[in-house]
Each structure stands twice: as C-alpha cells, then as structure tokens.
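Chain and residue survey
Listed here are the chains, written in short residue letters.
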Amino acid sequence: MSTTSASRIILDYIPFTNNDQEKQWHSRGQWPAYWLQWPESSPNAAIYRLKFSLQEKMVVRLHVSGDNKYHLKLDGEQIGIGPELGDVNNYFFETYELSLEPGEHCLSAMVFDFKDTAPFCQMSLKPGFLAAAENVPPELFNTGYATWETAPLYGLEWEKCLCIYPGTKLSASEFSKAPVWQSAQRDTLAASAEIRNECCNERLLRPAPLPQRLYEKQSMIEKLWIFKDSGPQVFCNSKLDEEASWLNALEGHTPITVAPHSCRRVIGRLDDYRCFYPKLHTIDGSGSTITLRYAEGLFSEKNERAPKGNRNEIDNKYFLGYSETFHPAEGENCFFTPWWRGGRYIELTITTQNEPVTIGELELFDTRYPYDSEIELSSSDEQLNSVLPLAVRTLQMCSHDTFMDCPYYEQLMYIGDSRLESLVMMISTHDTRMNEKMLRMFAASAAPDGLLASRYPSQVRQVIPTFSPFWIASLHDYALYRDDKKTVKELIGTVRHIVDAFEQKINTDGLIEFSQGWNFVDWTPNWCKDGRMGIPPDGEYGVSAVVNLLFIYSLRHVAELCEYLDEPHCATHYRQLQKTLMDNVVQHFWNKERGMFADDLKGKYYSEHAQCLALLSGALPKELVEQTGKALFNAEGLADCSIYFSHYYFECCHLLNNSDAFFKRMQLWFDCNNLNLKTLVERPEPSRSDCHAWSSHPYFHVPATLGGIRPADFEFRRVSIRPMPGPLTTLHAEMIHPHGKIIADYKTVDEVHHAKITLPDGIEGEIILPDGVKSLHAGTNEINWRH
C-alpha cells in the first residue's frame, strides 16, 4: 500500500449544492451518492470496501455516514468512528480530508446494526453505508457509483444492556472467515437536511458539528489481582502471585498462556475513571471462553443498589457490571467492541477447555470529547481544591457525541444535567460546539404540544415537563456567556412553544396544574417514597408550588431573552404573566407564620427547592425576600436539595452573599475524597452512578460564586463581580470570556481584602463591595476593602 494520511475536518457549508439550480424543486438537496443496502444475509455486521488505484497524488474530501455505527479504515488504518449521534431528521456525516499517494488503495468500513438491542441514544432508519467525495466524478469514490463491494460478517451477536450499547459476543472462528464479497447495491439517494423537500423514509444529512473524539492508546492499568476461579465475589486471600507476569502480558510485552481445563480471573484497577475501546489479542484457544466485564467500583453486597464504599478496595466485594464474551479460535485472534465502555475496573475471566489459550496485549484506547479546561482555579482550602479536578474529569467522561448524564449506566443527554454541564464548559473553554449542539438537538425534540423530550437523542421518548424550563435557562446562559445572537434568534420560537405548553395548564385559580409526563425535579429522599421518583408533593396530580415557581423562574429568562432580541412587547407580556403567577403562588402557598413557601396547598410539606426558585425568579415581592432567604438557610424540616439541585441553592448563596451556607453544603462533594473517587457521584452514597456530570457545577461556582464573576449584560459585554471568598484567605479564579479570559486574585490579610482583577481588552465592568460599587476597566485593576 502507498503512504496515505487522513484527518477529520468540520464543514461550515452544505456540500453538493452547486448544481441544485438546474434541478426541479423536489430533487434539490440530493447528493450524487446513494446509501448502500445492507447485505440480506448479514444479521449484525457487514463490511464495505472500495479498492482503487491512482496514477498521481490526490487530495480528496470525503463525506461518510453509516447506520447504526461505522468504523472507517484507509489502507488498513482506522481513521474514524461515526456517525455522530443525532436523529433521522438530523442525521450526521463526518468529513475526512484524504491525502492519497499514487498506487493501490483501499477504503473500508465495518458497519454495525444493533437491531432491538440498540441503546436508547441510537436513532436509526435502517442499516446502510454512505460515502461521497466532492469535486471529483462520482464514479471514483461515491457509493452507488464507484465499485464498492460488501460482505456480511458472521459470529457477532449482541447482549442487551438496558439503555446503553449492547455487550459484544464474538466467535472468532466465524468472524475470521474470509469475506464473501458481492457488489454493493444502491438504496436511497443521500440528501441534505437543509434543502431536501418531499421527504419519505430518508435520513436528512447534516455536517457533524463536533470534532473527532479522542482515540488514543494509553497504558491505564495501575493494579492487578489474579485468581484461579471465577464468581462475582472477590476474596483477596486467594489471589495468585502472578500480577507481574499478567501486567507484562497485557501491556504487550510477553504473552502468557492459560493451560487447558483451567481458569484465570484477572481484575484490573485503572489509574483514573476512563472511557475506552478495548482490544484483546489472543493466540489459539479453541473452545475457550473469555469474558470482559467493566465496573465503576465493586459492591458491598450482591446488589447493584448496594454501597460501594472505598472505591480502591475490592476484598470481599462483588464485581457486578456489563460484560462482553469472546470465543477464541485457532491462530491469532482479536476481540474488539463497536462502542466504548466506561469505569475504573476491568475484569478478564479466561476459561479453557481442551486447548490452551495465549493472552497477548489488552489495548485500551482512551476516548472522549476533546474538552480540557483552559482556566486555573485554586484557593487556601485544600478540600475545595481537591474537588476541582474531579469535577473536570467528570465532565470529560460525560462528554462524547453529546453531553450525557453518565458514561456507565445511560449515556443519555438530559436537559437538567446538560444545563449544568453547559455552564461549566462555557466558563472553562472557548469551545462552544457541544453547547450549541445540545441546544439544537433538544429544540429538534419538541412535540406538537411544545414540550421537549427530557433526553435526546433517544429512540425511547421520555417527557419530563419540568425539564423544558431548564432548556430555556440554558439558552439564556448561552446568550449571556457567548456572543452568538444568531443562534439565540433561531431558537427563540422553541422558547415560546414551551411557555405556551405551560400556559395551557393554568387552572381557574391561576396556577399551573400539570399531570402530564414525569414531573421530576430532584432526587430528594423525601420525594422518592411511594414510587414518586423525585416528584415534589402534588407535582403529579395536583398543584405544586415547586412546579409553579420553576415556570415563574423560567419566565424571567424568557422576558430577558425577548429584550435581548429587541422584542419589548413580548417581554412585557411575559413579565406580566410572571407577576400574575407569582401573586397567585404567594396567595396560595406563602405561610406567614413560618415565613416561607409550602410545597403543597395544604401547607404540609416544605422544601429548599421552593425557596430557591422563589428567590431566583426575580419576581418575589421585596418584602418576602429576606424571610424566604432566612428560611432557606435556617428553617428546619425542609426537603434538602440533592447534589444536582444544589446548583440552585448555590445560586441563592451568591444572591444573598452567604458563604457559610455555601461551604456547609460543599460537604456533599468533600465526602467524595473519603471514598477515593476519581469522579463525582450522582447522589450521596449509595450512589448508582460514580460519574455524573450534573455534580460538576462547583467548578462553575468557584469563579462565579466565590470569585463572584458574572456577565452584567448579554454577550458578556460587561462584567459584574461580587466576591464572596468567605473563609478563604486566598482565591485564584479565572473565567473564559468571548474576548479572552477574566482573572481574579483575592488575598485576605488582617481582615483586609486585596483583589487584582484583569479584564480582556475592550471589556469594562464593576466590582460590588460592602462599601459600594467601583468601576473596572480593561486590563489590571487593584482594589482593597475591609469586612
């Protein structure tokens, strides 16, 4: 084969539009390429290939997609995995820039169809493959025109894994058989989503908006335990003294052989929480069975709802988790998975029959969205410092084709989760491609009634009405922290549809009464009894203060967005609606004796959530603000905000300048270090998920709440800083700005606070201090003040 190179690029245009003007309206947007049919005899996987010869060097821009998933190779080297997750009306294709030398070449794609075991996030039409090159005759590369061949692949089966990608069951004797090639047959013409009309049973294509996810081979195993028997429970007193030999083998140095009629169980702890593609190399071993299993941590009981305790410990615990199965064959074999796995532990159980099996390298390819924080945060509090890298790692592990709630259990993008993930990403990197994709995909999920899917992309539609207002908040965040008015304007219609959906639920008392969908708000223990699953009192079949206040909170964002888009009449309407609803909520839920809002009309239940949303709405009558704040921080018997909803609690800490409450609540995060976690949990122990990015929001609050750095206007045109260092004697806080970076250094000596604030060129603002407001100019500002 000749020397070649390939790289992924992101398009900012729609391909193949140059000849649309010559077409009839119903043919515009169609590509000079066809989707290729799935081989009839192929149950779960197929391979497509194009062999071609070049007389001279050529640079080719190739657009590629597949259904469900493809692994693309050029001359035997993998160059991409795709397509990026979307839906049928937003079906993504990747673009590869190929630099081809003269000589013989081969493009090939292994394509997988998960059928009824497909994960919730996989939205598909039917299996197939597509490739199309620009500015060259279609007969050279394009599927349906060039001489593409296809062959079914056997020996590959799937094992359903709840929401995520299925477990792989691979029989090497079947999978390694020589492919029986046949000419690939055309299916439907490819077409661009932006232009195509009169669509029927088509995938509407869009350029993939995100860069290539990382795919880097790395050494990850930090510790091994070897046992001669299998089973879910682990007893370290029975381990074998073979760790060095097995580590040497798995790292690709000296293979190790497992004798006939024997078993080896190898448990490896990874150096960090990882998302990775595994690839296991073996020699011989016909009749053997190798099982790979993955876990975030081992359980104290044979129950995946049990506590995990210290995540570094395995003795007497149970290894429970998703698994893959591999049956080696004679000769050299390689086991792989079409999709990545996540966790901190990997287990190999090798059981031989009449033949020995030789275990070679276990390659682990690190993968995630290429997010790395561009800011530095530090303080005099070591506990706080220790949480920050965990927050970054959690967001990294929950960012792939989309934001996701968790990489182990669901791999789904939820509105409530992604609002917080998006905030963290915006203040810590200039890259907003993931943020914009999140906003657009949820907008694409809107139903005729105006409500968004609670998670998307998802082939199983779930509606959490109480999540749609948080999408509005996310759009508002995006408008504040970034200068992209065009995107905001394109999406404002979705905002109005959400508001209309809630307005339709206003009853004769002028209150929202919602009985549709799953009105989840938070995993508060008091709200998870009797099958309520995080629903506040009367939030499902009744009138809930929390649901009403959540909508009132979102109306603030709606009105401000309308003002930003120069729609003052709409803003006035929404502010009046907000005021009317708040008046009704005060009338029906305010408990004068207790000085706070009840959750229910009977005044039996109370929560931090109701007080938080009332305070953050901006519509609470001034005479009730102080009482509500006191109740939030001091009242007994309130249902507590969990790790997730504590973001809104922290927002109230900022609003009311209460650093004591902030640090007290941070204990939920400080506890993670006591458990040797590498990422942040979904909820306090026992936590289902050890890596849940809605828990990363302290990384936002260190610069935004303790450092006090906030936008004072849309597009971050001005900066407002109100420091709240509390007990910290030093604090270094940074925040990404569209024009650069904001840097704030705080130091307290003998009760005198010193601040050094640096703003980007052209940006001005103010700092709000106990003794008044002072102006800030671009460049360096130095300010001192006393308590």
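Look up a bit, the structure's there.
Report on the accompanying structure. (Residues numbered from 1 in each chain as written. Predicted model: local features only at pLDDT ≥ 70, side-chain atom pairs only at ≥ 80, totals over all residues. Heavy atoms only, no water.)

Where helix α4 (residues 382-397) contacts helix α16 (residues 698-706), the two axes come as close as 8 Å, and the packing angle between them is 125°. With respect to each other, α4 and α16 are oriented oblique. Each of L384, L388, A391 and V392 in α4 lies in contact with α16, whose residues at this interface are Y699, V702 and L706. Looking at the contact of α4 with α16 residue by residue, the class counts come to seven nonpolar, no polar and no charged. (Axes fitted to C-alpha atoms, helices over the stretch in contact; angles between N-to-C directions. Helix = DSSP H or I, 4+ residues; strand = E, 2+ residues; numbered from the N terminus. Parallel < 35°, antiparallel > 145°, perpendicular 65-115°, else oblique. Contact = heavy atoms within 4.5 Å. Nonpolar A, V, L, I, M, F, W, Y, C, P; charged D, E, K, R; others polar.)

What follows is about the sheet that holds strand β5 (residues 69-74). Reading across from one edge, β6-β5-β8-β3-β10-β13 is the order of the six strands in this open sheet, with antiparallel pairing throughout. The sheet is open, and its two borders are formed by β6 (77-82) and β13 (182-183), each paired with just one other strand. As paired strands, strand β3 (residues 45-54) and strand β10 (residues 149-153) are joined by five bridges and run antiparallel to one another. Along β10, the bridge assignment pairs A45 with L153. (Pairing = 2+ DSSP bridges.)

For the rest of this paragraph, the subject is empty space enclosed by the protein. Tallied over the entire structure, the rule returns four cavities of 30 Å³ or more. As a volume, the largest cavity reaches approximately 50 Å³. In terms of lining, the largest cavity is formed by N68, K69, P83, E84, L85, G86, Y91, F92, Q122 and M123. Here the second largest cavity defines a volume of roughly 40 Å³. Its residues placed into classes, the lining of the second largest cavity shows six nonpolar, two polar and one charged. (1 Å grid on protein atoms, 1.4 Å probe; cavity = no way out; pocket = protein on both sides within 12 Å on 5 of 7 lines; lining within 4 Å. Points joined across faces, edges and corners; volume = space filled by probe spheres on them.)

Before going further, it helps to examine the side chain of S323. For S323, the location among the structural elements is in strand β21 (residues 323-327). For S323, a relative accessible area of 14% puts it in the buried group. Contact partners of S323, with chain neighbours within four places excluded, come to E159, G167, T168, T291, L292 and R293. (Buried < 20%, exposed > 50% of the residue type's maximum accessible area, 1.4 Å probe, protein only.)

Among soluble globular proteins, nonpolar side chains are generally buried collectively. Counting residues in each nonpolar core, the largest one holds 214 residues, and the members touching the most others are I359, W471 and Y699. Examining the composition of this core, we find that 14 residues originate from one element, helix α9 (residues 545-564), more than from any other. Not counting residues up to four positions away in its chain, the partners in contact with W471 are I415, M438, L439, F442, A443, L452, L491, T494, V495 and I498. (Core = buried A, V, L, I, M, F, W, Y, C linked by side-chain atoms within 4.5 Å.)

A word on the layout of surface pockets. For the largest pocket, the calculated volume is near 850 Å³. L480, R556, E651, H654 and R710 are, among the 32 residues lining the largest pocket, the residues nearest its centre. If you list the elements that add at least two residues to the lining of the largest pocket, you get α5 (415-428), α7 (468-481), α9, α11 (608-616), α13 (646-656), β28 (709-711) and β29 (718-721). It is α13 that provides the largest number of residues to the lining of the largest pocket, a total of five residues. Of the residues assigned to the lining of the largest pocket, the class counts are 17 nonpolar, seven polar and eight charged.

As a further point, take unusual backbone geometry. Of all residues except glycine, most have a negative phi; of all peptide bonds, most are trans. N68 follows D67 through a cis peptide bond whose omega is 15°. Its location among the elements puts N68 in the loop between β4 (58-67) and β5. Cis peptide bonds are those with omega within 30 degrees of zero, and the linkage from G82 to P83 qualifies with -10°. By secondary structure assignment, the location of P83 is in the loop between β6 and β7 (91-100). Backbone geometry at N676 places phi at a positive 55°, although glycine is not the residue there. Residue placement: N676 occurs in the loop between α15 (667-674) and α16.

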